[in-house]
Amino acid sequence: MTSIEKQVALRSLPAVGHLLEFPQTLSVFADYPLALVTRFLGEAVAELREMWDRDPAPGDDAWAQMVLPESIIQRAHRILNVYLSPHLRPVLNLTGTVIHTNLGRAPLSERALQAVHDVASQYSNLEYDLTPGKRGSRHDHVAKRLCALTGAEAALVVNNNAAAVLLALRSLAQGGEAVVSRGQLVEIGGSFRIPDIMVQAGVLLKEVGTTNKTHLRDYQQAIGENTRLILKVHTSNYRIVGFVHQPPLADLVELARQRQVPLFEDLGSGALFDFPDFGVGDEPTVSNSIRAGVDLVSFSGDKLLGGAQAGILLGKQDVVAKLRSHPWMRALRVDKMTLAALEATLVAYADSDMARKEVPVVRMITASYEEMTKQAAVLEKAIAADEVLAKVLDVEQVDAVSRIGGGALPLTELPTRCLRLQAKGLTAQQFSDQLRHVPQVPVITRIAHDAVLCDPRTLLPGQEGLMLDSLRQWAQELTV
Ligand SMILES: *Cc1c(COP(=O)(O)O)cnc(C)c1O
């Protein structure tokens, strides 16, 4: 095609000003400001221009259809919808990994969501003490509850547990040494590695013991004039098994007291719920460390606790006070939404039944195999009863294991019952890729033995319908 012919073809595109005058524009975009409507109509026209550039001879009829003002207005409407829909959006987690860091870790409880809504949509007493009518502290809202639940003297909340560890090291040991067992030099996903964090905090790492065995005497010998801190790190995401030893916590507490060096324990996940009591894992609760006499502990707000992203610090009054007055505190402080979510999540921990009922993470982790079997049966039946789905999917139930995830209790297997789905004519990988691209709510699954597994454990109450909708959407894409 010559450039003249091309220009003639492109001339069939209406001008944006002309499109704005169409009654359809008025009705479709009634709620939007003129500038935005002009922009999206412009983008729609530009899209057609580009399309012509890429493929300079689209079928005459198709092109004639596309350049109709009505079609361009519809195109602009689609562009507007893409613009309005958030990039960060819900997905269905059917992986069975409860604390899935890639999928946002802990879904919040209803009570937490309500609290976030109440506090974020209005003014609040975030830094205002209502009794004297004077300036207050944002740290006081959750501190009392945290202390009541764990027996700690004082509490402080920061942006996440990585920030908590950094702040603790900086406030307590900057310019000095911190003693750590060689078996605890953890890496938590990518950039959070204990030796690197030490450097960033300006603390000299004094490693003691070996990878598998560290004795109390190793700590005793390592503590010297420059020692500012004993650091114990929870090996959250790995276990060293076999010929191993770490001194009991009580011995470290005693040593710290004798040498007058604070003991700081990074608990990682930090459970307030007694999971072993429910037959799940061997994670001691946070109160266990506080009761043992550890000076300071830290843990995440959105791992086993099931709240918002936060780093929780608990311990002795004087130690926590040092952190609280540190200049870094301002840079690491949490937002009102985090405090609201955390406080409301903590309410449920007054009672273990309440925690199981309210906190999604606790409920999912403690859900029994029998409950999972019932849910799998309901889902299987619903898929089998759906005419469209039954035609394109083979479904059966299989036993499998769910994981806690989030680097917590890596060896704990939760027995579960999954749906094993096979899509006719697709490999498991192709099927799971397509499920991730379902427009309304993407579905994230896992693949085992050449089939897609859907674990009902991580489906939230009421999401069964969404799962079926997403499967139907996938099937419709396939059949149109
Ligand atoms: C998860 C974890 C962290 C980091 O916590 P975030 O809340 O993700 O910042 C630090 N230390 C340990 C031992 C952990 O398990």
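Quick note: structure is the one above.
None of these values were measured; they are calculated from a predicted model.

About the thresholds
Residues numbered from 1 in each chain as written. Predicted model: local features only at pLDDT ≥ 70, side-chain atom pairs only at ≥ 80, totals over all residues. Heavy atoms only, no water. Pairing = 2+ DSSP bridges. Helix = DSSP H or I, 4+ residues; strand = E, 2+ residues; numbered from the N terminus. Axes fitted to C-alpha atoms, helices over the stretch in contact; angles between N-to-C directions. Contact = heavy atoms within 4.5 Å. Buried < 20%, exposed > 50% of the residue type's maximum accessible area, 1.4 Å probe, protein only. Arc of directions from axis to C-beta. Polar contact = N/O pair within 3.5 Å; in protein donor to acceptor, adjacent residues only side chain to side chain. Near = heavy atom within 4 Å. Areas by Shrake-Rupley, 256 points an atom, 1.4 Å probe, with all protein chains shown as cover. Nonpolar A, V, L, I, M, F, W, Y, C, P; charged D, E, K, R; others polar.

*Asks:* Any chance you could break down the sheet that holds strand 5 (residues 154–158) for me, citing the residues and the numbers?
*Replies:* The sheet built from 7 strands is open, its strands ordered 5-13-12-11-10-6-9 with mixed pairing. The sheet terminates laterally at strand 5 and strand 9 (204–208), the two strands that pair on one side only. Geometrically, the sheet is characterised by an average inter-axis angle of 25° between neighbouring strands, direction not taken into account. Bridge analysis of strand 6 (residues 177–181) against strand 9 gives 5 bridges, and the strand direction is parallel. Along strand 9, the bridge assignment pairs Glu177 with Leu204. Here helix 8 (residues 140–150) sits on the sheet and contacts strand 5 and strand 13 (311–315); the angle it forms with strand 5, its principal contact strand, is near 125°. Here helix 12 (residues 249–259) sits on the sheet and contacts strand 10 (227–233) and strand 11 (263–268); the angle it forms with strand 11, its principal contact strand, is near 150°.

*Asks:* Now, about helix 14 (residues 317–324): what can you tell me, with residues and values included?
*Replies:* Every buried residue of helix 14 is accounted for by Val319, Val320 and Leu323. The buried residues of helix 14 occupy one face: seen down the axis, they fall within an arc of 95°. Exposed and facing more than 90 degrees away from the buried side of helix 14 are Asp318 and Lys322. On its buried face, helix 14 sits against strand 5, helix 9 (161–173), strand 12 (296–300), strand 13 and helix 15 (329–332).

*Asks:* Give a description of the side chain of Arg420 that names residues and reports values.
*Replies:* As for its placement among the helices and strands, Arg420 is situated in strand 15 (residues 413–423). Within the structure, Arg420 has its side chain in polar contact with the side chain of Gln422 (distance 3.3 Å). Excluding residues that lie within four positions of it along the chain, Arg420 makes contacts with Asp394, Val395, Glu396, Val398, His449, Ala451, Val452 and Leu453.

*Asks:* An account of the pairing of strand 14 (residues 393–405) is needed here, citing residue identities and associated values.
*Replies:* Direction of pairing for strand 2 (residues 97–99) relative to strand 14: parallel, over a ladder of 2 bridges. The partner of Ile99 across the bridge, within strand 14, is Gly405. Sheet topology note: the strand 14/strand 15 ladder contains 11 bridges and is antiparallel. Its bridge partner lying in strand 15, Val395 is registered against Leu421.

*Asks:* Please provide a residue-by-residue account of the site of the ligand, values included.
*Replies:* Around the ligand, the neighbouring residues are Arg105, Asn160, Asn161, Ala162, Ile188, Phe192, His234, Ser236, Asp266, Gly268, Ser300 and Lys303. One nitrogen or oxygen atom from the side chain of Ser236 is found 2.6 Å from an oxygen atom belonging to the ligand. Isolated, the ligand exposes 380 Å² of accessible area, and the fraction of that covered by the protein chains is 94%. Broken down by secondary-structure element, the contributors of at least two residues to the shell around the ligand are helix 9 and strand 11. Here the shell around the ligand is built from residues that sort into 3 nonpolar, 6 polar and 3 charged.

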